[in-house]
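Fold and contact review
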Amino acid sequence: MDTQSYMPVPPGIGMEENFFSLDDILLSHERLPCRLQTTFPRLGFLEKSSDTQDIPEGTKMEMPLWLAKGLYEQKRRVLTVELPKVYREGWRTVFGADPNVVDLHKMGPYYYGLGSQMLHFDSPENPEVAQTILQTFIGRFRRIMDSSQNAYDSDTSALVERLDCLERALFRAGQSGLNAFQRWEKGHAHLTASNLVINYRKRKLADMNS
Amino acid sequence: MFCEKAVELIRELHRMGDGQLPAFNEDGIRQVLEEMKALYEQNQSDVNEAKAEGKSELIPTIKFRHNCLLRNQRCIAAYLYDRLLRIRALRWEYGSVLPTNIRFHMCAEELEWFNQYKKSLATYMKSIGGEGGLDITQDMKPPKSLYIEVRCLKDHGEFEIEDGTVILLKKNSQHFLPRWKCEQLIRQGVLEHVIS
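If you're wondering where the values come from, they're calculated on a predicted model, not measured in any experiment. (Residues numbered from 1 in each chain as written. Chains lettered and ligands numbered in written order. Predicted model: local features only at pLDDT ≥ 70, side-chain atom pairs only at ≥ 80, totals over all residues. Heavy atoms only, no water.)

Section: the UniProt feature "domain: GINS subunit" (unreviewed entry) in chain A
Per the UniProt annotation, the sites labelled "domain: GINS subunit" (unreviewed entry) are residues 94-185 of chain A. In residues 94-185 of chain A, the share of helix is 72% and the share of strand is 0%. The end C-alpha atoms are 43 Å apart. (UniProt positions renumbered as here; feature names shortened; annotations may be inferred. Helix = DSSP H or I, 4+ residues; strand = E, 2+ residues; numbered from the N terminus.)

Here you go:
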């Protein structure tokens, strides 16, 4: 749309995380099923189901990605991380059949990001997970590109609804390119109020009404 | 679980994806810092115990807390940094004087930072483009003509143009003005560019 002066820190690419990116921080907050392979003394209060002082070895608990990543070690067995359902065999078959029918926003919304992050943990299924993510992206990309280049001046919420975060960013990039091109073609030199200002005013009005 | 408060700060910014500046969450930051202090002290005493009595089974717990500390640090740094990006954008969208309701959303240090940024930008703009300097916040879109037709959207008071004439910007009045004089007012939503 307009030239935006606020440009947030972009998320990292592939297996890398970007330290300052808000998206990556929320992505690494996704919870993973883990099994502890060592005892964590004095942290029992974190595990609601038991009232022991320690978290004993063998406990199954959900941990956010950042914590699992920090504690995980390849040489020493501290914990094992299980694949979330969407990356397991069953769902992989679904993605293989037709990636376009899946609602990735509901499944994710960080389907690609989390999938790439899962490769940090040793698992025999890793090559298949990576392959499925890649094929899913290839399978869906064409439709995303088409729709973002052809929906001009219309409601796009239905198109965007089922897209994962990465796909949404691509869709938006396509849309802003389309809009800029159309403006250039029509030779518009119309000056407009900044989007930021307009949005602030909307909020102020809402505050006054309530 | 630890670090929930810190992520709440991040969510708050993430919800406003268009670059609006939410009020500085002093309370949230304080709570995160308190959690960090507690984590640090617990770790300190456990480290001493592990060292003194050779209790190596405490190490996983120490690492656990240490990871939480790092996470909190990352969230706070990202929160403050993203706010600075938003504040920098405000300089370009609103010009050098911010509306009071936005200023209320900034903490003292952020206001200080904004003033410094304003100053360095002004110094830079004075140093380029010959004698009078060059305003690089002007002409964000290439101009078609030097004068444009504008309509006032709200009462703005008196306004002086370069030849010294003073005009009154009254709601719904229409004027023919030099483009560079009104570009900022259009961006701020005071004037509207009329195309006949």
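Some details on the packing of aromatic side chains
As enumerated under the stated definition, the model contains 15 aromatic pairs over all chains in all. Each ring, one from F19(A) and one from F20(A), has its centre 5.4 Å from the other, and the planes form 80°; the classification is edge-to-face. Accessibility expressed as a relative area gives 29% for F20(A), which makes it partly exposed. Three or more aromatic residues joined by ring pairs form one cluster here, namely Y87(A), W91(A), F95(A), Y111(A), Y112(A), F137(A) and F141(A). The residue whose ring lies beneath K181(B) is F159(B), and the NZ or CZ to ring-centre distance is 5.6 Å. (Phe/Tyr/Trp six-rings, centres within 6.5 Å; stacked < 30°, edge-to-face > 60°. Buried < 20%, exposed > 50% of the residue type's maximum accessible area, 1.4 Å probe, protein only. Lys NZ or Arg CZ within 6 Å of the ring centre and 35° of its normal.)

Focus on the pattern of salt bridges
For the coordinates displayed, the defined rule picks out 23 salt bridges over all chains. Where E73(A) meets K63(B), a salt bridge forms, and the shortest distance between an N and an O atom there is 2.6 Å. Taken together, the residues span two chains, with E73(A) in the loop between α2 (65-71) and β3 (79-81) and K63(B) in helix α3 (residues 59-94). For K63(B), a relative accessible area of 30% translates into the label partly exposed. For E167(A), the salt bridge is made with R140(A), and the minimal N-O distance between the two is 2.7 Å. Pair noted here: E167(A) is in helix α8 (residues 165-186) and R140(A) is in helix α6 (residues 126-150), with a separation of 27 residues, a long-range link. E167(A) sits in the buried class, given a relative accessible area of 0%. Among the residues examined, R140(A) registers a relative accessible area of 4% and is labelled buried. (Salt bridge = Lys/Arg side-chain N within 4 Å of Asp/Glu carboxyl O.)

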